[in-house]
Amino acid sequence: MKPVTADLHACQVRLSGDLLAPVVFSVDALRALPAREVEATFQCRRTGLRRHVFVGPLLVEVIRTAGPLFDPGERKDRLRFLIAALGQDGHQAVLSWGEIDPEFADTHAVLGTRMDGRDLDDEGPYLVVPGDRCGGRHISQVSEIRVWAADHLIHCPAPRA
Ligand SMILES: Nc1nc2c(c(=O)[nH]1)N[C@H]1C(S)=C(S)[C@@H](COP(=O)(O)O)O[C@H]1N2
Ligand SMILES: [Mo]
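Residues numbered from 1 in each chain as written. Chains lettered and ligands numbered in written order. Predicted model: local features only at pLDDT ≥ 70, side-chain atom pairs only at ≥ 80, totals over all residues. Heavy atoms only, no water.

Q: Help me understand the overall build of the chain, please; the structure alone is not making it clear to me.
A: A tally of helices and strands in the chain yields five helices and eleven strands. A compact globule built from 161 residues would reach a C-alpha radius of gyration of about 15 Å, and the chain, at 17 Å, matches this within 12%. Principal-axis analysis of the C-alpha atoms places the extent of the chain at approximately 65 × 40 × 25 Å. The buried share among the 161 residues of the chain stands at 41%. Restricting the contact set of the chain to residue pairs at least 6 apart, pairs at least 24 apart contribute 60%. (Helix = DSSP H or I, 4+ residues; strand = E, 2+ residues; numbered from the N terminus. Rg over C-alpha atoms; globule rule 2.2 N^0.38 Å. Buried < 20%, exposed > 50% of the residue type's maximum accessible area, 1.4 Å probe, protein only. Contact = heavy atoms within 4.5 Å.)

Q: Please clarify how the site of ligand 1 should be interpreted in this entry.
A: Close to ligand 1 lie Phe42, Cys44, Arg50, His52, Asp89, His91, Tyr126, Gly135, Gly136, His138, Ile139 and Ser140, which account for all nearby residues. In this structure, an oxygen atom belonging to ligand 1 sits 2.7 Å away from a side-chain N or O atom of arginine 50. A total of 530 Å² of accessible area belongs to ligand 1 in isolation, and the protein chains cover 75% of it. When the residues that make up the shell around ligand 1 are grouped by side-chain class, the tally is four nonpolar, six polar and two charged. (Near = heavy atom within 4 Å. Polar contact = N/O pair within 3.5 Å; in protein donor to acceptor, adjacent residues only side chain to side chain. Areas by Shrake-Rupley, 256 points an atom, 1.4 Å probe, with all protein chains shown as cover. Nonpolar A, V, L, I, M, F, W, Y, C, P; charged D, E, K, R; others polar.)

Q: Would you take a moment to explain the sheet that holds strand β11 (residues 142-149) for this structure?
A: Pairing between the strands of a sheet is mediated by backbone hydrogen bonds and can be parallel or antiparallel. Read from one edge to the other, the open sheet built from five strands follows the order β2-β1-β11-β5-β6, with strand pairing classed as mixed. The open sheet has two free edges, formed respectively by β2 (23-25) and β6 (92-96), since each of these has just one partner strand. Averaged over all pairs of adjacent strands, the angle between their axes in this sheet comes to 20°, without regard to strand direction. Bridge count for strand β5 (residues 81-87) against β11 is seven bridges, and the pairing is antiparallel. The residue of β11 that forms the bridge with glycine 87 is valine 142. (Pairing = 2+ DSSP bridges. Axes fitted to C-alpha atoms, helices over the stretch in contact; angles between N-to-C directions.)

Q: Could you clarify how one ought to interpret the nonpolar core in this entry?
A: Leu15, Leu59, Ile63, Ile83, Ile100, Leu127 and Ile145 are the most contacted members of the largest nonpolar core, which totals 38 residues. Not counting chain neighbours up to four residues away, the residues in contact with isoleucine 100 comprise Leu59, Val60, Ile63, Ile83, Leu95, Asp106, Thr107 and Ala109. (Core = buried A, V, L, I, M, F, W, Y, C linked by side-chain atoms within 4.5 Å.)

Function-wise, these values are silent; they only describe arrangement.
Okay, here's the thing in structure tokens:
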């Protein structure tokens, strides 16, 4: 385990929102979770075709450690939830829970602790969403992941005739 320094602190990712146990992970702490290797091939409008290989835990497993406040046995209850990821530079993107849930789209979004053979301890984790055709949701130096229920629509049952 590396010593905790002011620099390392800047590379941590905070999990916030509708969670039982909000938590802060260093890159090293993310390594304690089971890791996957995923490849991201995408087309950037500015720089053309890009390809990277990442190693890290599944985003769904990272968020589960913080206890999202849905009924875990109720599949449809989970579909109300959104996930916003924020980079240190302010770049943000949103995913839905259904995208990363193994019982729905099962996209293997990963919080990378390693990119192309390089450890990311001094930068912060990299969110990668395999399958995205543009690089916009592959977010470097992720500092916050916010999870919340999108309960803004009010259901008004139609009046009975
Ligand atoms: N934090 C952060 N990550 C980001 C971006 C950004 O602006 N901020 N841009 C994205 C875009 S649009 C692309 S194409 C890729 C580019 O990654 P690469 O040049 O390292 O292949 O980074 C993505 N990750
Ligand atoms: Mo891009």
